[in-house]
Amino acid sequence: MSKVTLELAKELIAGAEAEAKKIGVTMVISVVDEGGNLIAVHRMDDAWLASIEIAQNKAWTSVALKMPTANLAAATVPAAELYGLNTTNSGRLVVFGGGIPLVSDGKVVGAVGVSGSTVPHDVQVAEAAVKVFEQKLLTV
């Protein structure tokens, strides 16, 4: 799978939303393509308005740096080697969990970003979307 389509993004969002409902949280779920361009954003009823931009930026960060945003947490605290990273790129980089790249054949083809609860919950819901993506890869 070399391209994340709107149809696929909707499936990823549905998987993420099901996980969010299962754990009792309202989230914003965002999906971007390989260039970090927004494909879809979904705000569950009563999810935080601030989470719209955060979810999109988590997805963008995952594509831009080709890694989960959670991987940046330890390296960006004061006195760590990447401290201040989040101030670059017009403040768009997010350095805590909830953004995960979508990888097909070793290439980042998009990402999902989730915001609206604790970091562990954001990661859990994002992982649910990635699981849907990986299952789709098995059927292609």
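Scroll up a little and you will see the structure.
An account of the accompanying structure is given in this report. (Residues numbered from 1 in each chain as written. Predicted model: local features only at pLDDT ≥ 70, side-chain atom pairs only at ≥ 80, totals over all residues. Heavy atoms only, no water.)

**Re the overall build of the protein**
And then number 1: A tally of helices and strands in the protein yields 3 helices and 4 strands.
And then number 2: Listing the helices and strands of the protein from first to last along the sequence gives α-β-β-α-β-β-α.
And then number 3: For 140 residues, the compact-globule formula gives about 14 Å, and the C-alpha radius of gyration of the protein, at 14 Å, lands near that figure.
And then number 4: Projecting the C-alpha coordinates of the protein onto the three principal axes gives extents of approximately 45 × 35 × 20 Å. (Helix = DSSP H or I, 4+ residues; strand = E, 2+ residues; numbered from the N terminus. Rg over C-alpha atoms; globule rule 2.2 N^0.38 Å.)

**Structural notes on the nonpolar core**
And then number 1: In terms of nonpolar packing, the biggest core is built from 24 residues, with Leu12, Met27, Ile29, Val31, Leu102, Val112 and Val114 touching the most fellow members.
And then number 2: Every element with two or more residues in this core is listed here: α1 (6-23), β1 (28-33), β3 (99-104), β4 (107-115) and α3 (119-139).
And then number 3: Excluding anything up to four places from it in sequence, Val112 contacts Ile29, Ser30, Val31, Ala59, Gly98, Gly99, Ile100, Leu102, Ala126, Ala129 and Val130. (Core = buried A, V, L, I, M, F, W, Y, C linked by side-chain atoms within 4.5 Å. Buried < 20%, exposed > 50% of the residue type's maximum accessible area, 1.4 Å probe, protein only. Contact = heavy atoms within 4.5 Å.)

**Remarks on helix α2 (residues 50-65)**
And then number 1: In this model, α2 (16 residues) spans 23 Å end to end at C-alpha, consistent with the 22 Å of a helix rising 1.5 Å per residue.
And then number 2: Ser51, Ala55, Asn57, Lys58, Ala59, Trp60, Thr61, Ser62 and Val63 are the residues of α2 that are buried.
And then number 3: Contacts from the buried residues of α2 go to β1, β3, β4 and α3. (Expected span 1.5 Å × (residues − 1).)

**As for α1**
And then number 1: Helix length check: α1, at 18 residues, gives a terminal C-alpha distance of 26 Å against a target of 26 Å (1.5 Å per residue), a fit within 8%.
And then number 2: Buried within α1 are the following residues: Leu8, Ala9, Leu12, Ile13, Gly15, Ala16, Glu17, Glu19 and Ala20.
And then number 3: Of the surrounding secondary structure, the elements contacted by the buried residues of α1 are β1, β2 (38-43), β3 and α3.
And then number 4: Of the residues trailing α1, Gly24 is marked for its positive phi of about 75 degrees.

**Some words on the sheet that holds β2**
And then number 1: The 4 strands are arranged β2-β1-β4-β3 in an open sheet whose pairing can be described as antiparallel. Each having just a single partner strand, β2 and β3 make up the two edges of the open sheet. Along the sheet, successive strands turn relative to each other by an average axial angle of 15 degrees, direction set aside.
And then number 2: As judged from the 5 bridges shared by β1 and β2, these two strands associate in the antiparallel manner. For Val28, the partnering residue across the bridge sits in β2 and is Arg43.
And then number 3: α1 rests against β1, β2 and β3 of the sheet, and its axis sits at about 30 degrees to β2.
And then number 4: Across the sheet, α2 lies against β1, β2, β3 and β4, angled at about 155 degrees from β4, the strand it touches most. (Pairing = 2+ DSSP bridges. Axes fitted to C-alpha atoms, helices over the stretch in contact; angles between N-to-C directions.)

**Some thoughts on unusual backbone geometry**
And then number 1: Look at Lys66: it is not a glycine, yet its phi comes out positive at around 55 degrees.
And then number 2: Mapped onto the fold, Lys66 is located in the loop between α2 and β3.
And then number 3: For Ala79, which is not glycine, the phi torsion reads 80 degrees and is therefore positive.
And then number 4: In this structure, Ala79 sits in the loop between α2 and β3.

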